[in-house]
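# A look at the structure
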Amino acid sequence: MHFPPEIEDRLARLQEKYEAMGQDMTSYLDGLLYAEFLTYWEYIHLDTLLSLQTPKTPFPDEEIFIMYHQITELYFKLALHECRQITAAELLTAEFFAARLKRVNNYFEALTQSFGIMVDGMEKDQFLKFRMSLLPASGFQSGQYRMIEIYATDFINLVARDKHDELINAPIEDQFEYLYWKFGATELSTGKKTLTLKQFEKKYSKSFIELGKANLSHNFNALYHQLEKNNQATTELDHELRQLDINVNVNWPLVHYKSAVRYLNREPDEIKATGGTNWQKYLPPRFQKRIFYPTLWSDEEIQNWGKAWVEKVLRP
C-alpha cells in the first residue's frame with residue numbers, strides 16, 4: 001500500500017519519538033487499531049457528572065440550588081487554572097498576564113450575569129424550607145474562591161481593615177487569623193466562631209497559608225509591580241486588573257447580597273443565612289472595601305468603593 005507523503009512523514013516522526021523512549025511503535029499502533037472511538041459522553045464523564053446532584057429534601061428547587069453551586073465551582077476551577085499559568089510563567093509578559101486575566105474576568109462575568117438563576121429562579125417558600133436541611137454548610141465554605149483571592153493580591157490586602165496597619169509586616173500565619181471573611185462567620189453577640197467557620201478552617205487553613213507563602217512574590221499584585229518597575233506594564237494589563245477587582249470584590253458579592261435580600265430579608269427580623277454568616281455586614285463592598293490593587297484606583301474611587309454598584313444592583 002502506498003501512503004501519501006503526509007502520512008509517511010508522520011509515521012517517521014512517530015518512529016523517532018518511540019525510539020527515543022525505547023518503545024516499540026508497532027505495539028502502540030496495535031493499541032490504536034483495537035481501541036474504540038471516543039465518544040463525547042465518555043470524554044467529559046457525562047453520566048458521572050449528571051449523577052452528582054443529590055438533594056436532601058423533596059423540594060424540586062433544591063436541585064437548582066445544587067447545580068448552580070456546582071457550576072460556580074467549575075468556573076472557579078477554570079479561574080484557578082489561569083491563576084496557576086500566570087504565577088508559574090518563567091518569563092511573564094504583560095501581554096500574557098493580561099490575556100489570562102481576561103479569561104478570569106470572563107468567567108466571573110459569566111457567573112455574575114447568570115446569577116438571576118439564584119435570585120429569581122427558585123420559589124422563596126421552597127428555599128426557606130430546604131435550606132434548613134443544609135446547616136451548617138454554606139457557600140461561604142468555597143475553598144477555591146479563597147484561593148483565587150490569595151492568587152490575586154498580597155495576603156495583607158485580605159486582612160480585616162482595622163487590623164491592616166497592625167499586621168502589615170507580620171508573618172502570614174498571624175495575618176491569616178484576621179482575614180476579612182472570618183468575621184463573616186463569627187457570631188455577632190458572642191464573637192465566637194460558627195461551626196461553619198470551624199469546619200472551613202479545619203479543612204483549608206494549612207492549604208491557604210501555604211499558598212499565601214508560595215505567592216508572596218508571585219501574586220498578581222506583586223507581579224504587576226515587578227512589571228511596572230521594569231516599565232513593562234501596559235494599559236491593557238491595568239484595565240484587566242481593575243476589572244478583576246470589580247468582578248471579584250464588588251459585582252460577585254453584590255449579586256449574593258441581592259439574593260440574600262430577596263430570600264433572607266424579612267421585616268422586622270432578618271433570617272440568618274445558612275451557617276450563621278452575618279451577610280448584612282459580610283457581603284456589601286462598602287463595608288469591606290476589599291481592594292486587590294489599591295494603587296490602580298484614585299482616592300475618590302476608593303472612598304466610594306462599591307457605592308454606585310450597590311445602588312445599581314439594588315435598584316428595583
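Look above for the structure.
Attention here is on the structure that accompanies the text. (Residues numbered from 1 in each chain as written. Predicted model: local features only at pLDDT ≥ 70, side-chain atom pairs only at ≥ 80, totals over all residues. Heavy atoms only, no water.)

## Focus: the overall build of the protein
Quick note on the threshold: Under the scheme used here, helices are H or I runs from DSSP no shorter than 4 residues and strands are E runs no shorter than 2 residues, and both carry numbers assigned from the N terminus. For every residue, the accessible area (1.4 Å probe, protein chains only) is compared with the maximum for its type, and the residue is labelled buried under 20%, exposed over 50%, or partly exposed between those bounds. Throughout, a residue-residue contact means that at least one pair of heavy atoms, one from each residue, lies within 4.5 Å. The protein chains shown are the only cover counted for residues, whose accessible areas, like all others here, come from Shrake-Rupley with a 1.4 Å probe.
Looking only at helices and strands, one finds 18 helices and zero strands in the protein. Evaluated residue by residue, the protein yields a buried proportion of 42% over its 316 residues. Taking the contacts inside the protein whose residues are at least 6 apart along the sequence as the reference set, 71% of them involve residues at least 24 apart. Only carbon and sulfur atoms are counted for the fraction: they give 55% of the accessible area of the protein, which is about 18700 Å².

## A look at the pattern of salt bridges
Let me state the cut-off plainly: Salt bridges are identified by distance alone: a Lys or Arg side-chain nitrogen within 4 Å of an Asp or Glu carboxyl oxygen.
Counted by the stated rule, this structure contains 11 salt bridges. In this structure, the salt-bridge partner of Glu149 is Arg290, at a minimum N-O distance of 3.5 Å. You can see Glu149 sitting in helix H9 (residues 143-152) and its partner Arg290 sitting in the loop between helix H16 (285-288) and helix H17 (299-303), a full 141 residues away along the chain. Arg290 sits in the buried class, given a relative accessible area of 7%. The residue Glu173 makes a salt bridge to Lys213 at a minimum N-O spacing of 2.3 Å. Highlighted residues: Glu173 in helix H11 (residues 172-176) and Lys213 in helix H12 (residues 195-214), separated in sequence by 40 residues. Glu173 sits in the partly exposed class, given a relative accessible area of 32%. A network of salt bridges, in which partner residues are shared, links Glu177, Lys182, Lys193 and Glu201.

## So, the packing of aromatic side chains
So the rule is basically this: Stacked, tilted and edge-to-face pairs are distinguished by plane angle, under 30 degrees for stacked and over 60 for edge-to-face with tilted covering the rest, among Phe, Tyr and Trp rings (Trp via its six-membered ring) whose centres lie within 6.5 Å. By definition here, charges over rings are those cases where NZ of Lys or CZ of Arg is within 6 Å of the ring centre and within 35 degrees of the ring normal.
With the rule as written, the count across this model stands at 23 aromatic pairs. Of the aromatic side chains, those joined through ring pairs into one cluster are Tyr68, Phe76, Phe108, Phe115, Tyr145 and Trp252. One residue, Lys17, lies across the ring of Tyr18, its end atom 5.8 Å from the ring centre.

## Things to note about unusual backbone geometry
Cis rather than trans, the peptide bond between Leu135 and Pro136 has omega equal to 0°. Positive phi is not limited to glycine here, since His45 has a value of about 50°. As for its placement among the helices and strands, His45 is situated in the loop between helix H3 (40-43) and helix H4 (46-50).

## Comments concerning H12
Think of an α-helix as turning once every 3.6 residues; residues three or four places apart then point the same way. Our working definition: Expected helix span is taken as 1.5 Å per residue step, with the number of steps being one fewer than the number of residues. The angle separating two fitted axes, one through the seven residues that finish at a residue and one through the seven that start at it, defines the bend at that residue.
With 20 residues, H12 ought to run about 28 Å at 1.5 Å a step, and its terminal C-alpha atoms sit 29 Å apart, in line with that. Roughly 55° is the biggest bend found in H12, and it falls at Tyr204. Looking at H12, one finds that the buried residues are Thr196, Leu197, Phe200, Glu201, Tyr204, Ser205, Phe208, Ile209, Leu211 and Gly212. Elements in contact with the buried residues of H12: H9 and H11.

## Things to note about the side chain of Glu240
Rule in force here: Residues counted as positive are Lys and Arg, residues counted as negative are Asp and Glu, and His and the chain ends are not counted.
The topology assignment puts Glu240 in helix H14 (residues 235-264). In this structure Glu240 is buried but unpaired, with Lys102 as the nearest side chain of opposite charge at 5.2 Å. Excluding anything up to four places from it in sequence, Glu240 contacts Ala98, Leu101, Lys102 and Asn105.

## Some points on the nonpolar core
The following threshold applies: We define a nonpolar core as any set of buried Ala, Val, Leu, Ile, Met, Phe, Trp, Tyr and Cys residues linked to one another through side-chain atoms lying within 4.5 Å.
Core analysis: the biggest nonpolar cluster contains 68 residues, and Phe97, Phe108, Trp181, Phe220, Leu237 and Leu241 have the highest contact counts within it. A per-element tally of this core places H14 first, with nine residues. Once residues lying within four places of it in the same chain are set aside, the contact partners of Leu237 are Ala94, Phe97, Ala98, Leu101, Tyr224 and Leu227.

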